[in-house]
Amino acid sequence: MTQFDLTNDQRQLLEHADRIGREKLLPLAERMDNEEWWPKDLFAQLGSLGLLGVTVPEKYGGVGLGLLESGLILQAFSRWNHAVGLSWVAHDNLCLNNIYRNGSEEIREQFLPNLCSGEWTGCLGLTEPGAGSDALGSMRTRADLDGDHYVINGSKIWTSLGSYAKYMILIARTSTDGPNKYAGLSFFLAPMQAAGIEPVSYTH
């Protein structure tokens, strides 16, 4: 085996994900493209098949594999339905993996199981209007401490799954102090149903 070969387990995973993509995701693609429609129970189905929470340990409801395995699933899904592939990686990597890598133990225990099962959907609020390619350095969304909580003001765009997610990892500026424009940024886990959050959807 060379360093570029897949293991037998990885090949089986790729074949499994490819079969799911062909049988379950391809039939959805035409309607999704033509009507900008999203099948709301899809992630729960993928969760039941063990295709969510790929990089999250089993103790939190995940699969306990690595980023390579995650990439194989993304490759398989995107081959048959590019919209699902993009949305899947937004949920599984940008949100789920982010929470596991950076969240406290309390946050992990509270949020990861339902995100891994697909009962909840997550997204990442990063890019803002006028940000260009420097989304972090151009961050204008602010989070100001008010007593024991933060008040966040700003706008995000191009947030995959933003219209359907239950929670968003939202990046905001908490300080203007620091050695450069990337300092003073913080991550918040925001419920999409919170007062003041107004998703604007172009889908129906």
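Residue indices follow the written sequence of each chain, beginning from 1 at its first position. Whole-chain, interface and lining totals are the exception, using all residues; otherwise, since this is a predicted model, local features are given only for residues with pLDDT of at least 70 and side-chain atom pairs are given and counted only at 80 or more. Excluded from the side-chain calculation are hydrogens and water; included are all heavy atoms of the structure.

(A) Representation of a nonpolar patch on the surface. A cluster of nonpolar side chains, L145, Y150 and I152, forms an exposed patch at the surface whose accessible area comes to about 280 Å². Secondary structure follows DSSP: runs of H or I at least 4 residues long count as helices, runs of E at least 2 residues long count as strands, and numbering of each begins at the N terminus. Counting through the fold element by element, L145 comes out in strand β2 (residues 142-146). Each residue is assigned to one of three classes by its accessible area relative to the maximum for its type, calculated with a 1.4 Å probe on protein chains only: buried under 20%, partly exposed between the two thresholds, exposed over 50%. With a relative accessible area of 55%, L145 lands in the exposed category. Two joining distances apply to patches: 9 Å for like charges and 5 Å for nonpolar side chains (Val, Leu, Ile, Met, Phe, Trp, Tyr), and every residue must have over 30% relative accessible area and no salt bridge. For every accessible area listed, the method is Shrake-Rupley and the probe measures 1.4 Å; residues are considered covered only by the protein chains on display. Only one rule defines a salt bridge in this text: a Lys or Arg side-chain nitrogen within 4 Å of an Asp or Glu carboxyl oxygen.

(B) The nonpolar core, seen in detail. In this description, a nonpolar core means a group of buried Ala, Val, Leu, Ile, Met, Phe, Trp, Tyr and Cys residues linked to one another through side-chain atoms lying within 4.5 Å. Of all hydrophobic cores here, the largest spans 29 residues; its most connected members are L42, L46, I73 and F77. Those elements giving two or more residues to this core turn out to be α1 (8-35), α2 (42-48), α3 (67-80), α4 (82-102) and β4 (167-173). Tallying contributions element by element places α1 first for this core, with 7 residues. Residue contacts follow a heavy-atom distance rule, with two residues in contact if any of their heavy atoms lie within 4.5 Å. With near-sequence residues (within four places) excluded, I73 lies in contact with L13, A17, L51, V54 and W88.

(C) Summary view of the pattern of salt bridges. If you walk through the whole model with that rule in mind, you get 8 salt bridges. Among the ionic pairs, K59 bridges to E105, the shortest N-O distance being 3.7 Å. Residue K59 is found in the loop between α2 and α3, and its partner E105 is found in helix α5 (residues 105-117); the two are separated by 46 residues along the sequence. Note on E105: relative accessible area 33%, which makes it partly exposed. In this structure, a network of salt bridges that share partners links the residues D18, R22 and R79.

(D) Here's a closer look at the packing of aromatic side chains. Between 30 and 60 degrees the pair is tilted, below 30 it is stacked and above 60 it is edge-to-face, where a pair is any two Phe, Tyr or Trp rings, Trp via its six-membered ring, whose centres lie within 6.5 Å. Applying the stated rule across the entire model yields 8 aromatic pairs. We note R31 situated over the ring of W37; from NZ or CZ to the ring centre the distance is 3.9 Å. Geometrically, a charge over a ring is one whose NZ (Lys) or CZ (Arg) sits within 6 Å of the ring centre while staying within 35 degrees of the ring normal.

(E) Representation of the side chain of N97 in the model. Looking at the element boundaries, N97 is found in helix α4. For N97, a relative accessible area of 11% gives the class buried. A distance of 2.8 Å separates the side chain of N97 from the side chain of T55, its partner in a polar contact. When near neighbours in sequence (up to four residues on either side) are disregarded, N97 contacts T55, L67 and D92. Any pair of nitrogen or oxygen atoms within 3.5 Å is treated as a polar contact; in protein, a donor-acceptor pairing is required on top of that, and neighbouring residues in sequence qualify only through side-chain atoms on both sides.

(F) Highlighting the side chain of K156. As for its position among the elements, K156 is in the loop between β3 (149-153) and β4. Here the side chain of K156 touches L126 through a polar contact of 3.2 Å, landing on its backbone oxygen. Within the structure, the side chain of K156 is placed 2.9 Å from the side chain of E128, a separation counted as a polar contact. Once residues lying within four places of it in the same chain are set aside, the contact partners of K156 are G125, L126, T127, E128, M139, T141, L170 and I171.

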